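# Close look at the chain arrangement
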Amino acid sequence: MVSVSDAAIAEFETNGAVCLRQVFSPPWIEKVQRGIAKNLVAPGPYAESLRDGPSEGVYFNDYFNFRSIPEFRAFVFNSPASDIVRQLMRSTSVTFYHEHVLVKEQGALKPTPWHQDQAYYPFNGEQACSIWLPVDDVPMETTLKFVKGSHKTGWYYPRKFATSLNYPVKPNGCAVNDGNVYKNVPDATGIPEEDVLQWSLSVGDCVVFHMKTLHGANGNSTRLNRRILSTRWFGDDVRMADRAWEPSPPYTGTLREGDHPSKDPVLFPSL
């Protein structure tokens, strides 16, 4: 078990993101590296390989494959990850949502647009977070950036990584009311520098952030690949909610509006 300090919990609650140093040992990093390698060889149905030009490196991302990749399953069920998020969310329960592999090859200049994770998902609640775990050292040039305190500023429309455009509203979207009011993500040039959080990371470090915290990243202009496993976690207060757009990933289970995700334990296991 990894013990998270009171100061780290307070930082997470205030800023919406916290950097934890050396909380994942080399065997876990090696296991995740093997899992990412398997994902790259055999991508799942949601995989994307993005680039703005044929001479650029690829920005690969894929998700919801932990059932078919044993290394990811082991990480979810046996690593310190669930203990970490349980403490940061101050939750009595932890339910796993899904993993997201994000690989920016050297020369992959396509940026990750500013966005918040939770708007993509059909779940409301404040006890919801992501662990962003690099398996390569990440310099400041390619690290993830966060808008400090933005998890407290409301909901933002989800955006396509390929185009940076908002998700299209479903034909019946005008009739959908999930209780949230959505805004467009602010232009990056309008975010004051003093409001941006970012850390250079060594292998074994991670960043944990609230699913409503705005974040994004530059393209990779370095000579190093940047391989990330991001895992999504829910706590006690999360409930199923409708969205005016097709959620990502799509949900095809039996949960109804107001249900906790743990009621579908085949898709969303509790730890």
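Everything in this summary refers to the structure shown in the same document. (Residues numbered from 1 in each chain as written. Predicted model: local features only at pLDDT ≥ 70, side-chain atom pairs only at ≥ 80, totals over all residues. Heavy atoms only, no water.)

## Details of the environment of Asp 6
Here Asp 6 shows up in helix α1 (residues 6-15). The exposure class of Asp 6 is exposed, given its relative accessible area of 64%. In the structure, Asp 6 is positioned 82 residues away from Leu 88 in sequence and 9.0 Å away in space, judged by C-alpha atoms. (Helix = DSSP H or I, 4+ residues; strand = E, 2+ residues; numbered from the N terminus. Buried < 20%, exposed > 50% of the residue type's maximum accessible area, 1.4 Å probe, protein only.)

## A word on the sheet that holds strand β14 (residues 226-234)
Read across the open sheet, the seven strands follow the order β1-β12-β7-β14-β4-β3-β2; overall the sheet is antiparallel. Lying at the two open borders of the sheet, with one neighbouring strand each, are β1 (17-20) and β2 (48-50). The mean inter-strand angle of the sheet, taken between neighbouring strand axes irrespective of direction, is 20°. For β1 and strand β12 (residues 206-210), the ladder comprises four bridges, and the chain directions are antiparallel. (Pairing = 2+ DSSP bridges. Axes fitted to C-alpha atoms, helices over the stretch in contact; angles between N-to-C directions.)

## With respect to the environment of Arg 21
Turning to its location among the elements, Arg 21 is positioned in the loop between β1 and α2 (26-41). Counting along the chain gives 181 residues from Arg 21 to Ser 202, while the straight-line C-alpha distance between them is 8.1 Å. Every residue in contact with Arg 21, bar those within four places of it in the chain, is listed here: Trp 199, Ser 200, Leu 201, Ser 202, Gly 204 and Asp 205. There is a polar contact of 2.9 Å between the side chain of Arg 21 and the side chain of Asp 205. (Contact = heavy atoms within 4.5 Å. Polar contact = N/O pair within 3.5 Å; in protein donor to acceptor, adjacent residues only side chain to side chain.)

## Some details on unusual backbone geometry
When glycine is set aside, most residues are seen to have a negative phi, and most peptide bonds are trans. Following Ser 248, the chain continues to Pro 249 via a peptide bond in cis, the omega torsion being 0°. Following the sequence through the fold, Pro 249 ends up in the segment after β15 (239-240). Positive phi outside glycine occurs at Arg 90, with the angle close to 55°. Classification of Arg 90 by relative accessible area gives exposed; the value is 54%. Although it is not a glycine, Ser 164 adopts a positive phi angle of roughly 65°.

## A closer look at the nonpolar core
In this structure, Phe 24 and Val 208 are the most contacted members of the largest nonpolar core, which totals 76 residues. In this structure Phe 24 touches Ile 29, Phe 75, Ser 79, Pro 80, Ala 81, Ile 84, Ile 131, Leu 133, Gly 204 and Cys 206, once residues within four positions along its chain are discounted. Counting six residues, the second-largest nonpolar core is a separate cluster that includes Trp 114, Val 147, Tyr 156 and Leu 214. (Core = buried A, V, L, I, M, F, W, Y, C linked by side-chain atoms within 4.5 Å.)

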